[in-house]
Amino acid sequence: MTSPDQTPPGPAEEPTPAVSGTAPTPPLDGSELPEGYNRPSPSEAPTGSADYAWDGAGSDDTTTTLPAFGSEAPTHEMPPAPPAYTGSPAPWSGASPDAPPAPGAYPPASADQVPDGYPGSPAAFSPAAGAQQSAAPAPAPSVDLAAVGVKATALGISNPLPALAVAGATWVGGLVAAVITLVLLSIVGAVLGGSGMSSSPLPSELEDVSAGAGTLFAAPFQLLALAGLGSFGARMEVPLIGNASLSLRFIPLLATLALVLLPYFGARLVVRRRGPARILGIAVEALLAGFVVALLVTLGALIFAVSVPLEDMVTLRLHAAGADSFFGTWLIVGVAYAIGQILASRGPSRHGRFTDLLAGVRLAILHAVVFSAVVFAGMWIWAIIQSIREGDGVMLAIVGLPLLALAFLGQFIASACGLGMLGSLVASGGLGSFGLGGTGVGATQYASIFSAPWWVWLLVLLAGLVVLVLMSAIWGAGRTIVPGDLTAKIISWAALPAVYFAGAIALAILAHVGFTASAEGEGTVGGSLGLAPWVPFLALLVGGAVEGLSRLVSPLVGGMVPAVAERLVRGRADAAAPVSGAPSVLSPTGAASSAALTGAAAPAAMQTGSADAQTGSAASASGPAPAAAPVPLGGASQREPMTKEAKRRLLLILGLLGAAVALVIAAIVAIVVMSSTIFSPKHEVESYLDAVTAGDYGTAAQIAQPNAPNANRVLLTDGVGAKTEKRITSYTIDDVEVSEDTAIVTATLDQDGQRTQRTFTVDRAGNRFLVFPEWKLGEVEYTSLSFYVPQGVEKVTVNGVEVEVAKLETTSDEMGYAVAALPVLPGTYAFSGPALGEYIEAEPVSTTVAADGAVADSSGGYVYLNYIINDAGQKKVQEDVNAKIDECAATGQPEPSGCPLDAYAYNATSGTWTVTSYPVVTLQQGEEGSYYLSTDSNGAATFSYTYDSFGTPTPMTMEDSISVTGTVTYDDKGELVIEYSDY
């Protein structure tokens with residue numbers, strides 16, 4: 001019906017057809033509407049406008065508010081029109097079948113089957129014009145191809161070209177992401193090479209192949225196949241053995257993100273340009289796009305496989321093509337494309353009760369990214385500080401670490417989040433009957449955040465708690481729920497834990513790195529690294545904690561959460577959605593209008609002068625009561641301004657919390673710095689070596705206790721050390737390796753221009769001041785000198801310092817001499833004993849100990865003090881020999897007993913000895929404390945006597961050569977004792 005002031009146009013004045021995105025004007029008389037339109041009764045149709053509900057695909061429960069005849073056509077978006085029947089023989093050409101039909105798209109069939117306002121319908125709702133249209137002859141039947149297109153269009157299957165274009169863009173984008181990953185890895189390798197840390201474990205054949213241009217070109221294709229859940233495999237044919245294979249599996253996140261995001265956003269772009277499709281069309285396009293990308297990825301990896309000739313008749317083929325990469329890529333791309341189409345077709349406000357599920361996915365991603373970024377920032381800063389302190393690897397820490405984390409972004413995020421949720425990393429490996437006669441062995445190791453130093457896990461837990469509170473505040477901000485909807489309430493509690501649970505499963509897939517090797521007839525060997533299987537259940541608890549905490553935090557923070565944070569989680573439509581008391585654009589039937597789906601209902605109504613928007617039209621009042629509008633989860637507007645008192649209280653609380661966190665962080669940093677310097681194993685070794693280089697051997701012996709009796713540590717004193725020559729003068733710490741409660745410190749020692757590397761073991765000995773670790777230097781390998789203790793000697797001199805030796809703990813050697821083991825530090829030791837009286841003195845002896853503990857001279861570590869008769873003693877012995885001869889000569893006997901004088905005088909009983917010269921004697925050292933006495937040149941003496949020759953006394957003389965032998969010893973007082981040989 002028409003208003004009285006509206007005049008229908010004449011036959012030549014046909015109404016302007018609606019443009020794409022607007023609805024055609026349905027008839028207002030009693031003619032039949034197309035399937036999907038419901039005509040209200042004349043009593044329900046308001047004057048000046050008419051509302052019709054369209055139940056077509058992609059627009060469930062949507063009401064179209066149409067203007068009255070002659071009014072300006074509305075400009076807001078409308079749901080798609082019913083399937084268009086075209087007269088063109090090419091049903092796939094032109095506009096999308098789901099878009100509103102263009103002028104002339106309907107054939108001149110029965111007028112009551114065509115919506116009014118379309119060409120071929122009764123012009124201007126005129127009965128005469130309608131009769132003329134009904135009388136028009138029908139066109140000739142379409143060809144078979146057109147019939148197929150019509151049937152496909154009726155089923156919701158659209159033009160496949162957009163899906164194919166998205167598939168191609170996804171494949172190209174994935175290759176670009178793979179190239180970016182390889183470039184990042186190449187830069188990291190260059191930085192490692194510049195730091196002197198790069199070493200290739202590959203055989204020379206593989207090194208040559210990996211550096212070739214063909215391998216560089218093929219690498220992106222292999223990496224893209226890995227991104228599609230494939231495995232990088234090496235297949236080799238070995239003569240006499242058979243086939244052998246090796247496979248490596250991990251997910252390069254950048255390339256995988258390309259396989260997810262490009263089809264997702266590509267599908268949304270297709271919907272915006274073409275309009276929404278039915279569920280069958282979405283499924284067909286998703287399957288087609290996923291299949292094309294999977295085919296391209298798998299063929300690319302297979303075609304660009306790398307062949308490596310190892311030896312004669314042995315070839316290694318490297319590629320990541322396989323059923324896993326094909327179906328994995330198909331699944332990833334197809335699901336992403338389908339989700340993109342569904343979400344774009346329905347619009348954010350159409351998800352209703354399930355809005356929290358979509359927002360939960362965004363929050364889970366935001367939570368993982370923020371927490372991983374905080375963890376990486378801490379790691380990065382600490383690595384830079386450590387590299388600057390050690391003066392090595394600064395460029396690696398500044399540039400290499402971020403690039404490495406970006407190249408292995410998926411593994412880093414998954415590991416950081418898994419450990420941050422108090423989960424564990426699991427490393428497992430095993431041999432499955434590989435040369436074991438049918439048996440298998442395996443091992444599994446677990447590592448949690450508590451395996452790290454205490455300050456590391458404390459900071460990680462603190463960061464996790466702060467991020468958890470932040471995510472709770474964002475999750476509660478701008479959140480709405482339909483009052484009285486039990487299902488929505490249940491979903492509001494269960495959505496986030498479920499999303500976190502599913503997200504942890506995705507993280508487990510990202511974190512997994514595994515390898516397997518097999519040989520025909522021999523067995524398999526493999527290993528893997530990934531998250532523990534209980535991590536998803538921990539994520540479930542974390543999601544529940546965020547949900548519960550959000551209901552406590554949201555009322556406190558109110559409108560403090562930035563709108564951009566809300567939009568990141570809730571999306572634009574949800575963040576801008578009305579809250580308590582906001583009007584909802586509803587049709588008389590109670591369903592949300594098409595304009596409400598786009599979030600632009602109110603502006604569109606104001607621009608077109610719609611009575612519904614400006615005055616609250618009678619159409620709204622005449623239908624059923626609209627559904628209850630969503631309200632904030634707490635029941636009150638979360639955007640209400642805070643009072644000054646509330647703001648001051650909140651700022652005070654936040655300030656106190658910030659100060660407490662700052663104090664905790666400052667305390668942790670101070671403890672960590674002091675633990676890594678003053679209370680570190682490196683510092684313990686430095687303290688010891690500082691004492692050694694300074695000659696404080698007593699201090700060094702207190703730091704590193706030698707394995708020797710205290711009585712024998714006579715050379716480990718500051719006095720001896722200060723006078724020791726060729727001791728260690730400087731050192732450098734090369735490396736510190738800490739494993740649980742034991743540290744191995746490597747240092748280079750400088751001794752007399754020679755550099756020697758030594759290792760020191762440092763053991764954990766508890767804590768100092770409760771929080772600082774206490775380290776004790778383990779047993780240091782001291783060199784032991786075998787010192788022969790002189791008999792009767794109480795003190796000796798070492799390096800000019802008197803050392804008591806009378807109380808040394810000794811053992812007896814095979815000759816019965818007393819030997820004491822004296823621990824010493826590197827250096828030269830000069831020994832000398834005290835003089836024994838006027839004639840006996842010790843001969844000096846020295847030995848040198850090198851920095852590596854070896855004795856650097858021919859002594860072999862044996863120190864024997866050789867006491868000798870000095871020159872005065874030699875003279876004394878000569879005088880004693882001369883006196884002995886004089887004593888013998890004074891007897892007047894030709895052969896005095898025990899004397900070196902001997903004269904053959906027949907029948908002579910007495911006479912006179914005249915010594916003309918004394919023998920010159922020498923001493924040769926014999927056993928300990930004794931000398932052999934011998935004659936170097938003989939002396940001479942004359943014996944004069946009177947011979948009785950038949951009663952006549954006759955004077956006679958006899959010549960004698962004098963030589964002396966015997967031994968010379970000395971007593972405790974140093975007095976010489978000569979024992980002459982028997983004559």
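Analysis parameters
Residues numbered from 1 in each chain as written. Predicted model: local features only at pLDDT ≥ 70, side-chain atom pairs only at ≥ 80, totals over all residues. Heavy atoms only, no water. Helix = DSSP H or I, 4+ residues; strand = E, 2+ residues; numbered from the N terminus. Buried < 20%, exposed > 50% of the residue type's maximum accessible area, 1.4 Å probe, protein only. Contact = heavy atoms within 4.5 Å. Areas by Shrake-Rupley, 256 points an atom, 1.4 Å probe, with all protein chains shown as cover. Core = buried A, V, L, I, M, F, W, Y, C linked by side-chain atoms within 4.5 Å. Domains from an automatic or database assignment. Salt bridge = Lys/Arg side-chain N within 4 Å of Asp/Glu carboxyl O. Pairing = 2+ DSSP bridges. Axes fitted to C-alpha atoms, helices over the stretch in contact; angles between N-to-C directions. Expected span 1.5 Å × (residues − 1). Phe/Tyr/Trp six-rings, centres within 6.5 Å; stacked < 30°, edge-to-face > 60°. Lys NZ or Arg CZ within 6 Å of the ring centre and 35° of its normal. Parallel < 35°, antiparallel > 145°, perpendicular 65-115°, else oblique. Left-handed = near helix turned anticlockwise from the far one by under 90°. Nonpolar A, V, L, I, M, F, W, Y, C, P; charged D, E, K, R; others polar. Disulfide = S-S within 2.5 Å. Bend = angle between axes of the 7 residues up to and from the residue. pLDDT = per-residue confidence, 0-100. Polar contact = N/O pair within 3.5 Å; in protein donor to acceptor, adjacent residues only side chain to side chain.

*Asks:* Would you mind going over the overall build of the protein with me for this structure?
*Replies:* The helix and strand tally for the protein stands at 24 helices and 34 strands. Scored against the burial criterion, the 983 residues of the protein give a buried share of 40%. Residue pairs at least 24 apart in sequence account for 66% of intrachain contacts in the protein once pairs closer than 6 positions are excluded. Summing over all exposed atoms, the protein offers an accessible surface of approximately 50500 Å²; the carbon and sulfur share of this is 62%.

*Asks:* I'm lost on the nonpolar core in this one. Help?
*Replies:* Nonpolar side chains in soluble globular proteins tend to end up buried together. Core analysis: the biggest nonpolar cluster contains 74 residues, and Tyr688 and Phe787 have the highest contact counts within it. When residues of this core are assigned to domains, at least three fall in each of domain 3 (681–868) and domain 4 (870–980). With near-sequence residues (within four places) excluded, Phe787 lies in contact with Val796, Val805, Leu808, Ala818, Val819, Ala820, Leu822, Phe831, Val863 and Leu865. Val426, Met471, Ala504 and Val561 belong to the second-largest nonpolar core, a separate cluster that totals 44 residues.

*Asks:* Is there a simple way to think about the environment of Val271 in this case?
*Replies:* Of note, Val271 is situated in helix H6 (residues 253–274). According to the relative accessible area criterion, Val271 is buried, its value standing at 6%. Remark: the alpha-carbon pair of Val271 and Gly340, spanning 69 residues in sequence, is separated by 8.8 Å. The contacts of Val271, once residues within four sequence positions are left out, are Pro276, Gln341, Ala344 and Ser345.

*Asks:* In this structure, what is going on with the pattern of salt bridges? I would like to understand it.
*Replies:* If charged atoms from side chains of opposite charge come close, those side chains can pair. Tallying each qualifying case throughout the model produces 7 salt bridges. With a closest N to O distance of 2.9 Å, Arg570 and Asp356 form a salt bridge. Of this pair, Arg570 sits in helix H15 (residues 563–575) while Asp356 sits in helix H9 (residues 355–390), and the two are 214 residues apart along the sequence. Assessed through its relative accessible area of 8%, Asp356 is described here as buried.

*Asks:* Please explain the sheet that holds strand S31 (residues 939–949) as it appears in this structure.
*Replies:* By definition, the strands of a sheet pair up through backbone hydrogen bonds, in either a parallel or an antiparallel sense. Read from one edge of the open sheet, 3 strands run S28-S31-S32, paired in antiparallel fashion. Each of the sheet's edge strands pairs with one partner strand only, and the pair in question is strand S28 (912–917) and strand S32 (952–962). Across this sheet, the average inter-strand angle for adjacent strands is 25°, counted without regard to direction. With 11 bridges joining them, S31 and S32 adopt antiparallel strand pairing. In the sheet register, Gly939 faces S32, and the bridge partner there is Ile962.

*Asks:* Can you help me understand unusual backbone geometry in this one?
*Replies:* Note: most residues except glycine have negative phi, and most peptide bonds are trans. For Lys726, which is not glycine, the phi torsion reads 60° and is therefore positive. Of note, Lys726 is situated in the loop between helix H23 (718–723) and strand S14 (728–739). In this structure, Asp752 takes a positive phi of about 55° despite not being glycine. Relative to the assigned elements, Asp752 resides in the loop between strand S15 (742–751) and strand S16 (754–768).

*Asks:* Would you take a moment to explain helix H11 (residues 409–420) for this structure?
*Replies:* The terminal C-alpha atoms of H11, which comprises 12 residues, lie 16 Å apart, in line with the 16 Å expected from a rise of 1.5 Å per residue. Most of H11 sits out of view: 10 of its 12 residues are buried. Taken together, the buried positions of H11 are occupied by Gly410, Gln411, Phe412, Ile413, Ala414, Ser415, Ala416, Cys417, Gly418 and Leu419. Downstream of H11 by a residue or two, Leu422 has a phi angle that is positive, lying close to 70°.

*Asks:* How do you make sense of the packing of aromatic side chains when you look at a structure like this?
*Replies:* We describe a pair of aromatic rings using the distance from one ring centre to the other and the angle between the two ring planes. The tally for this structure, following the rule as stated, stands at 23 aromatic pairs. On the numbers, 6.4 Å between centres and 45° between planes, the contact of Trp171 with Phe221 is tilted. Taken as a pair, Trp171 in helix H3 (residues 161–194) and Phe221 in helix H5 (residues 213–227) lie far apart in primary sequence, 50 residues in all. Among the residues examined, Phe221 registers a relative accessible area of 11% and is labelled buried. Ring-pair connections join several aromatic residues into one group, and the members of that group are Trp171, Phe217, Phe221 and Phe304. When the ring centre of Trp493 is taken as reference, the NZ or CZ atom of Arg551 above it lies at 3.7 Å. It is Arg570 that lies over the ring of Trp475; its NZ or CZ is 4.2 Å from the centre.

*Asks:* Teacher, can you tell me more about the pairing of S16 here?
*Replies:* Each regular strand displays side chains that alternate between the two surfaces of the sheet. Pairing geometry for S15 and S16, over 10 bridges, is antiparallel. Along S16, the bridge assignment pairs Gln751 with Gln754. Here S15 folds back onto S16, and the loop between the two strands holds 2 residues, one of which, Asp752, carries a positive phi near 55°. In the sheet, S16 pairs with strand S17 (residues 772–777) via 5 bridges, with the strands oriented antiparallel. Looking at the pairing, Arg764 lines up with Trp775 of S17. Between S16 and S17, which follow one another and run antiparallel, lie 3 residues, and Phe769 among them has a positive phi close to 55°.

*Asks:* How should the packing of H11 against helix H13 (residues 486–511) be read in this particular structure?
*Replies:* Each pair of packed helices can be summarised by the angle the axes make with each other and by the distance between the axes. Across the interface, H11 lies against H13 with an axial gap of 8 Å and an inter-helix angle of 130°. Relative to H13, the element H11 lies oblique. As H11 packs across H13, the resulting crossing turns out to be left-handed. Residue-level contacts link Gly410, Gln411, Ile413, Ala414 and Cys417 of H11 to Leu507, Leu510 and Ala511 of H13. A breakdown of the residues in the contact of H11 with H13 according to their chemical character gives 6 nonpolar, 2 polar and no charged.

*Asks:* What is the right way to look at the state of the cysteines in this model?
*Replies:* In a disulfide, the sulfur atoms of two cysteines are covalently bonded to one another. One pass over the structure, following the stated rule, counts 1 disulfide. Between the sulfur atoms of Cys888 and its disulfide mate Cys899 the distance is 1.7 Å. Disulfide Cys888-Cys899: torsion about the S-S bond near -80°, hence left-handed. On the criterion of sequence distance, the pair formed by Cys888 in helix H24 (residues 871–889) and Cys899 in the loop between H24 and S28 is long-range, its members being 11 residues apart.

*Asks:* I keep staring at helix H10 (residues 394–407) and nothing clicks. Help me out?
*Replies:* A turn of α-helix holds 3.6 residues, and therefore any two residues three or four places apart point the same way. Relative to the 20 Å expected for 14 residues at 1.5 Å per residue, H10 spans 20 Å between its end C-alpha atoms, a close match to the ideal helical length. Of all the bends in H10, the greatest reaches close to 40° and is centred on Gly400; the proline Pro402 follows between one and four positions later. Buried within H10 we find Leu396, Ala397, Gly400, Leu403, Ala405 and Ala407.

*Asks:* Would you explain the sheet that holds strand S30 (residues 930–937) in this entry?
*Replies:* Pairing within the open sheet is antiparallel, and its 4 strands lie in the order S29-S30-S33-S34. On the outer flanks of this sheet lie strand S29 (920–925) and strand S34 (976–980), each paired with one strand and no other. Averaged over all neighbouring strand pairs, the angle between strand axes comes to 30°, with direction disregarded. Lying on the sheet, H24 is in contact with S29, S30, strand S33 (966–970) and S34; it crosses S34 at an angle near 45°.

*Asks:* Would you take a moment to explain the confidence of the model for the protein for this structure?
*Replies:* Detail in the predicted coordinates should be disregarded across regions flagged by low pLDDT. Residue-level pLDDT values for the protein average 74, and 69% of them are 70 or greater. Low pLDDT (under 50) marks residues 573–626, which in the prediction has 70 contacts with non-local residues, meaning those over four places away or in another chain. This stretch, residues 634–638, has a pLDDT under 50; its non-local contacts, to residues over four places away or in other chains, come to 11 contacts.

*Asks:* I'm lost on the environment of Asp718 in this one. Help?
*Replies:* Mapped onto the fold, Asp718 is located in helix H23. Residues Asp718 and Thr699, 19 residues apart in the sequence, show an inter-C-alpha distance of 7.5 Å. Polar side-chain contacts of Asp718 include one of 3.3 Å to the backbone nitrogen of Tyr697. Among the polar contacts listed, one links the side chain of Asp718 to the backbone nitrogen of Gly698, at a separation of 2.8 Å.

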